[in-house]
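Chain and residue survey
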Amino acid sequence: MAIFRAREVKQLSDTELLEQEQKLSLELIQERGKVSAGGATENPPGRIREVRRTIARIRTEQNARRNA
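The structure contained in this document is the topic of the report that follows. (Residues numbered from 1 in each chain as written. Predicted model: local features only at pLDDT ≥ 70, side-chain atom pairs only at ≥ 80, totals over all residues. Heavy atoms only, no water.)

Our next topic: the overall build of the protein chain. The number of helices and strands found in the protein chain is 3 helices and 0 strands. Secondary structure elements of the protein chain, listed N to C terminal, follow the sequence α-α-α. The principal-axis extents of the C-alpha atoms in the protein chain amount to approximately 45 × 15 × 15 Å. Each of the 68 residues in the protein chain was classed as buried or not, and the buried ones make up 28%. (Helix = DSSP H or I, 4+ residues; strand = E, 2+ residues; numbered from the N terminus. Buried < 20%, exposed > 50% of the residue type's maximum accessible area, 1.4 Å probe, protein only.)

Taking 1.5 Å per residue as the helical rise, helix 2 (residues 14-36) with its 23 residues ought to reach 33 Å, and the 33 Å between its terminal C-alpha atoms agrees with that figure. On its buried face, helix 2 sits against helix 1 (6-10) and helix 3 (44-67). Gly38 sits one or two positions beyond helix 2 and adopts a positive phi of about 80°. (Expected span 1.5 Å × (residues − 1). Contact = heavy atoms within 4.5 Å.)

For the rest of this paragraph, the subject is the side chain of Glu27. Relative to the helices and strands, Glu27 resides in helix 2. For Glu27, the side chain forms a polar contact with the side chain of Arg47, separated by 2.5 Å. (Polar contact = N/O pair within 3.5 Å; in protein donor to acceptor, adjacent residues only side chain to side chain.)

A separate point is a positive patch on the surface. A grouping of Arg32, Arg49, Arg52 and Arg53 is seen on the molecular surface, where their side chains present a positively charged patch. Counting residues per element, the positive patch draws most heavily on helix 3, at 3 residues. Examined against the element boundaries, Arg32 turns out to sit in helix 2. Residue classification places Arg32 among the partly exposed positions, given a relative accessible area of 45%. (Patch = residues over 30% accessible without salt bridge, like charges linked within 9 Å, V, L, I, M, F, W, Y side chains within 5 Å. Areas by Shrake-Rupley, 256 points an atom, 1.4 Å probe, with all protein chains shown as cover. Salt bridge = Lys/Arg side-chain N within 4 Å of Asp/Glu carboxyl O. Lys, Arg positive; Asp, Glu negative; His and termini not counted. Charge placed at Lys NZ, Arg CZ, Asp CG, Glu CD.)

Take helix 3 next. Helix length check: helix 3, at 24 residues, gives a terminal C-alpha distance of 35 Å against a target of 34 Å (1.5 Å per residue), a fit within 8%. Residues of helix 3 that are buried sit in contact with helix 1 and helix 2.

With that out of the way, let us pick up the pattern of salt bridges. Taken as a whole and judged by the stated rule, the model has 6 salt bridges. Among the ionic pairs, Glu21 bridges to Arg59, the shortest N-O distance being 2.6 Å. Residue Glu21 is located in helix 2, and its partner Arg59 is located in helix 3; the two are separated by 38 residues in the primary sequence. Judged by relative accessible area, Glu21 falls into the buried class, the value being 12%. Given a relative accessible area of 42%, Arg59 falls into the partly exposed group. Salt bridges linked by common partners bring Asp14, Glu61 and Arg65 together as one network.

Function cannot be inferred from these measures alone, as they are strictly geometric.
As structure tokens, then:
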């Protein structure tokens with residue numbers, strides 16, 4: 001899954017934002033599951049952090065559009 005920057009998030013439509021948020025939330029659950037199961041993933045703390053930040057960027061943009 002791609003990690004989006006703020007400028008990229010602003011270019012997405014409302015439906016694309018919702019879809020990406022759902023995909024990233026699922027990925028976050030999967031990554032956390034791998035870590036808790038003791039699985040070997042490539043840089044799990046860094047990946048989890050980036051996914052969380054991207055979800056936050058998406059939610060921030062959704063709130064800005066809702067309040068504008």
